[in-house]
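# Close look at the chain arrangement
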Amino acid sequence: MIKKIDRQISYSLATIEVDQSDTATVLITADLQQKRTLQTQATEEIYADMLMSGCGNYTRDEFLDAVNKLGATLSVSINNCLLSITLKSSSQNFKKLLKLTELMLNQPTFSQSELKRAVKTTSNELKHAKEDSKTIALIGLQNTIYSPGDRHHTFSIDSTLAALTKVSKSDLQQFHNDVMASFLIVSVAGDKNICKETTGTLKKLKKVSKVKKKKQYQSQKSVKSSVKLTNIPSRTNIDFSLGLPIPINLHHPDYIPLSFGIAVLGKWGGFAGRLMSTVRELEGLTYNIYAQTEGFINDESGYLHITTFFAPDKAVEGLSSTHRELKKLYNKGISTAELKKFKTIINTSQTLLNDSTSSQLRDLHSYHQFGFSLEEIAEHKRKVEKLTVSEVNQAIKKYLNPKHLIISGAGPTKAVEQQINKVCP
């Protein structure tokens, strides 16, 4: 297995070359970061659907059928102004899938009939999203931390619904032009021919479209502790997103020790974190509660995100317990035993990546899209092993002051709103 990163003027290509591989996977990311408006958000909502709704001489059904006949997967999504395209197929059919992807990007149709369908479908999805308490809680947190115009700020569903009806074919075409003028981050796993074919296609795509330099726009607020609640009576539990802004970027020397400390607090997806062992296991107040850093993109600042849910009658107790654990971490830091334990957990998860080429590709792409070289990726991971208790605790003390904690909740909040407002310090 050979790993390489080739960075050019208009694209960067990372490859994991695997001898005699039967499968091929390609991950493509384009950063559309710019000042976000209501109209660009509405266009984003339907762009991914429209991009796969016909190209060249293919109708939507014909195009999707052509992909399916290859036994392949081609997906498009947008999140936080990052466009993601994923290609998966057998090595035998990869060249045909690549041709279809190239056609999709070079000759999208954006027909009026498909636009009408996409607007209707997306409108229905947005109406259902009014009941999505978990997402609404997260948006409440993000909108408290980031100002309008930032990629992490989301306009209201009602505003977006109104703007959707105004999205035109020319809006979609201009949005697509911006996609094609973006610097492309591409990561591929497969045999030598797969890597070679991907390189050829990428060169052709970027030859047609030159990269336009974008002006970055970020507006992270300096916020104080607050509570934002959205009452959704139909829900059984109240979903919560708690957090606070972290004014550094991925490349800052404090990022690794801080993210390690946050893992001790509530490592995502497992039972090792303090929050799971206390708020869930010991006190039985929720089924899951996790913490991690989010929002760190390129040189942009991110935030702490704690996600959980509580029954309404347990919400105040649950939030108080969560705040207690954050306060304890802030005041006393982590122990030597926790440092050793979580180094082992993190090292084990890194070792497990080697069992799967697709896992290695996702890991490589996550670093690749934010400008890391192979040497920088390796050094970034080595820093975890070198961490000391003092370094981690200094970072915690610097950035995780519980007095700045923001609480965003969505669900049946009305009956406990006053009590929840008193939880925030």
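Structure: above.
In this text, all values refer to a predicted model and were calculated from it rather than measured experimentally. (Residues numbered from 1 in each chain as written. Predicted model: local features only at pLDDT ≥ 70, side-chain atom pairs only at ≥ 80, totals over all residues. Heavy atoms only, no water.)

### Points about the packing of aromatic side chains
- With the rule as written, the count across this model stands at 8 aromatic pairs.
- For the ring pair Tyr 58 and Phe 63, a centre distance of 6.2 Å and an interplane angle of 75° mean the geometry is edge-to-face.
- Where Tyr 146 meets Tyr 303, the ring centres are 6.0 Å apart and the plane angle is 75°; that geometry is what we call edge-to-face. Residue Tyr 146 is found in the loop between helix H5 (133-145) and helix H6 (157-164), and its partner Tyr 303 is found in strand E10 (residues 302-310); the two are separated by 157 residues along the sequence. Across the pair, exposure class does not vary: Tyr 146 and Tyr 303 are buried alike.
- Put simply, the rings of Tyr 47, Phe 110 and Phe 175 pair up and form one aromatic cluster.
- The ring of Tyr 287 is capped by Arg 280, whose NZ or CZ atom sits 4.8 Å from the centre of that ring. (Phe/Tyr/Trp six-rings, centres within 6.5 Å; stacked < 30°, edge-to-face > 60°. Helix = DSSP H or I, 4+ residues; strand = E, 2+ residues; numbered from the N terminus. Buried < 20%, exposed > 50% of the residue type's maximum accessible area, 1.4 Å probe, protein only. Lys NZ or Arg CZ within 6 Å of the ring centre and 35° of its normal.)

### Regarding the environment of Pro 312
- Mapped onto the secondary structure, Pro 312 falls in the loop between E10 and helix H11 (315-332).
- Taking the relative accessible area as the measure of exposure, Pro 312 reaches 25% and is therefore partly exposed.
- Considered as a pair, Pro 312 and Glu 391 are 79 residues apart in the sequence and their alpha carbons are 38 Å apart.

### Some words on the pattern of salt bridges
- Within the structure shown, the criterion is met by 17 salt bridges.
- Arg 280 is the partner of Glu 281 in a salt bridge, and the nearest nitrogen-oxygen pair spans 2.3 Å.
- Judged by its relative accessible area of 18%, Arg 280 falls in the buried class.
- Put simply, Asp 31, Arg 151 and Glu 300 are held in one network by salt bridges that share partners. (Salt bridge = Lys/Arg side-chain N within 4 Å of Asp/Glu carboxyl O.)

### As for empty space enclosed by the protein
- As enumerated under the stated definition, the model contains 3 cavities of 30 Å³ or more in all.
- Considered as a void within the structure, the largest cavity measures approximately 110 Å³ in volume.
- Forming the walls of the largest cavity are 13 residues, and the residues nearest its centre are Ile 28, Leu 98, Thr 198, Thr 201 and Leu 205.
- Going through the elements one at a time, strand E3 (23-31), helix H3 (94-106), strand E6 (184-190) and helix H8 (192-208) are the ones with two or more residues in the lining of the largest cavity. (1 Å grid on protein atoms, 1.4 Å probe; cavity = no way out; pocket = protein on both sides within 12 Å on 5 of 7 lines; lining within 4 Å. Points joined across faces, edges and corners; volume = space filled by probe spheres on them.)

### Description of the nonpolar core
- Grouped together as the largest cluster of nonpolar side chains are 60 residues, with contacts concentrated most on Phe 240, Ile 246, Phe 260 and Leu 400.
- Residue contributions to this core peak at 8 residues, all from helix H9 (residues 255-266).
- When near neighbours in sequence (up to four residues on either side) are disregarded, Ile 246 contacts Gln 220, Leu 258, Ile 262, Thr 293, Phe 296, Ser 301, Gly 302, Tyr 303, Leu 304 and Tyr 399.
- In terms of nonpolar packing, the next biggest core, distinct from the first, is built from 53 residues, Ala 24, Leu 74, Phe 110 and Leu 172 among them. (Core = buried A, V, L, I, M, F, W, Y, C linked by side-chain atoms within 4.5 Å. Contact = heavy atoms within 4.5 Å.)

### Brief notes about the packing of helix H4 (residues 112-129) against H6
- Relative orientation of the contacting elements H4 and H6 amounts to 170°, with a least axis distance of 10 Å. Considering their axes alone, H4 and H6 lie roughly antiparallel with respect to each other. Contact residues: H4 offers Val 119, Thr 122, Ser 123, Leu 126, Lys 127 and Ala 129, while H6 offers Ile 157, Thr 160, Leu 161 and Leu 164.
- Of the residues contributing to the contact of H4 with H6, the split by class is 6 nonpolar, 3 polar and 1 charged. (Axes fitted to C-alpha atoms, helices over the stretch in contact; angles between N-to-C directions. Parallel < 35°, antiparallel > 145°, perpendicular 65-115°, else oblique. Nonpolar A, V, L, I, M, F, W, Y, C, P; charged D, E, K, R; others polar.)

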